[in-house]
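Chain by chain, the residues:
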Amino acid sequence: MAGSLRAEIPVTELLKDDPKNWGRWGPDDEVGGLNFLTSEEVLRGVQSVKQGKTFTLQIQMCHPKGDPVWPGRKDPVRINVMDKGHYMCGKGPVFPGHAEYADDVLFMYLQGSTQYDALGHVWCDDTLYNGYDARTTAGGMTKASVLPIAERGIVGRGILIDMARHRGKPWLERAETFSHEDLMAAAEKQGAKIEKHDILIIRTGWIGSYYKREKDEFYKDFMEPGLTYSKELVKWFHEMEIPNLVTDTIANEITADPVSGVVLPLHNALMRNLGVTFTEIAALDDLAEDCAKDGQWTFLYTAAPLKVVNGTGAPVNPVVIK
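What you see is a predicted model; the values in this text were computed from it and never measured.

### Digging into the sheet that holds strand β10 (residues 277–280)
Phase 1: If you trace the 9 strands from one edge of the open sheet to the other, you get β1-β13-β11-β5-β7-β9-β10-β4-β12, paired in mixed fashion. The two strands at the open ends of the sheet, each matched to only one other strand, are β1 (54–56) and β12 (313–315). The sheet shows a mean angle of 25° between the axes of neighbouring strands, direction not considered.
Phase 2: Direction of pairing for strand β4 (residues 115–117) relative to β12: antiparallel, over a ladder of 3 bridges. When the bridges of β12 are listed, Y116 appears paired with A314.
Phase 3: The strands touched by helix α6 (residues 180–190) within the sheet are β5 (154–162) and β7 (199–203), with β5 carrying the most contacts at an inclination of about 85°.

Dropping the structure here:
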């Protein structure tokens, strides 16, 4: 995730004295803030179901226009390995009864679609979440991989904060920032309130904009909009015990901190230090449109990323029930 911007200070210096949740759930913990999602929190999420409406939050994979991915990564590639053409050429397998079939394969980055980051995906000072040695990532993550997150699953009360709508825009502009105070102001305007242990879902409109403009324009001078680092913001996440941050951007935060120049500091401040799970590249436009119509901004959020052993992340199709 290296960027071309040069940070003036090391990320460890930027985050000096920020809170950590290391050891909070024991020396072997690998799911971090998801520990906040107890059975009581699951039931609190269930109580948010009022209408029975469902929404899926994964972007389409192998879209004809291409898929939005972090610069340097490649789009997923789907290839047919068996279809009617093989039978027409006499190369398809013949079964008793003469049934035919199609088959295909998919080549992709595990973070090449809507996905969950492993808590050990990004680190600094040679140390992962919960104090694990960064050398445990060699050849495959044996600590803080996406597997424990996938085995556990994520269920709780979700709240959508529509920052783009709050600012009267179809999508936020390149490098546009917002803070936790902006989130609370937007929630109040929506008639909602961010509560402790909420799964925090933020719409910027950025991923939706990918499909409405030219690809070169989307990636030009790449700098996503998003949350920007401050010690107050990190303290707020810590006190609110936010288990999961979900956004419709590729990296859940502004690409480079506008003050320090550090690239993706919240990946270390929130994910590495606090154990906040990150869900990126979510499709939120349809959900946001419905929430604006009926005024219901809270709901049951459920997600189960793929169970990839030693994975740095995994694709996911979260389901929201209103």
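### A closer look at the side chain of D290
Phase 1: Within the secondary structure, D290 is located in helix α11 (residues 285–294).
Phase 2: For D290, a relative accessible area of 15% puts it in the buried group.
Phase 3: Not counting residues up to four positions away in its chain, the partners in contact with D290 are K53, F55 and K322.

### Some points on unusual backbone geometry
Phase 1: At D126, a position not held by glycine, the phi torsion is positive, near 55°.
Phase 2: Looking at D126, the relative accessible area reads 57%, which means it is exposed.
Phase 3: If you check the backbone angles, D221 has positive phi at about 45° while not being a glycine.
Phase 4: If you trace the backbone, D221 turns up in the loop between α8 (215–219) and β8 (226–227).

### A closer look at the packing of aromatic side chains
Phase 1: The final tally for this structure, using the stated rule, is 11 aromatic pairs.
Phase 2: With a centroid separation of 5.2 Å and an interplanar angle of 35°, the aromatic rings of W206 and F218 are classed as tilted. Here F218 lies in helix α8 and W206 lies in helix α7 (residues 206–210), a separation of 12 residues in the sequence.
Phase 3: Of the residues examined, W206 reaches a relative accessible area of 3% and is grouped as buried.
Phase 4: F218 sits in the buried class, given a relative accessible area of 1%.
Phase 5: With centroids separated by 5.0 Å and ring planes inclined at 85°, the aromatic side chains of F218 and Y219 adopt a geometry described as edge-to-face.
Phase 6: In textbook terms, an aromatic cluster arises when at least three aromatic residues are bridged by ring pairs, as seen for W70, W206, Y210, Y211, F218, Y219 and F222.
Phase 7: In this structure, K20 packs its charged tip against the face of W22, placed 5.2 Å from the ring centre.
Phase 8: Over the ring of W206 we find R213, and its NZ or CZ is 4.6 Å from the ring centre.

Conventions used here
- Residues numbered from 1 in each chain as written.
- Predicted model: local features only at pLDDT ≥ 70, side-chain atom pairs only at ≥ 80, totals over all residues.
- Heavy atoms only, no water.
- Pairing = 2+ DSSP bridges.
- Helix = DSSP H or I, 4+ residues; strand = E, 2+ residues; numbered from the N terminus.
- Axes fitted to C-alpha atoms, helices over the stretch in contact; angles between N-to-C directions.
- Contact = heavy atoms within 4.5 Å.
- Buried < 20%, exposed > 50% of the residue type's maximum accessible area, 1.4 Å probe, protein only.
- Phe/Tyr/Trp six-rings, centres within 6.5 Å; stacked < 30°, edge-to-face > 60°.
- Lys NZ or Arg CZ within 6 Å of the ring centre and 35° of its normal.

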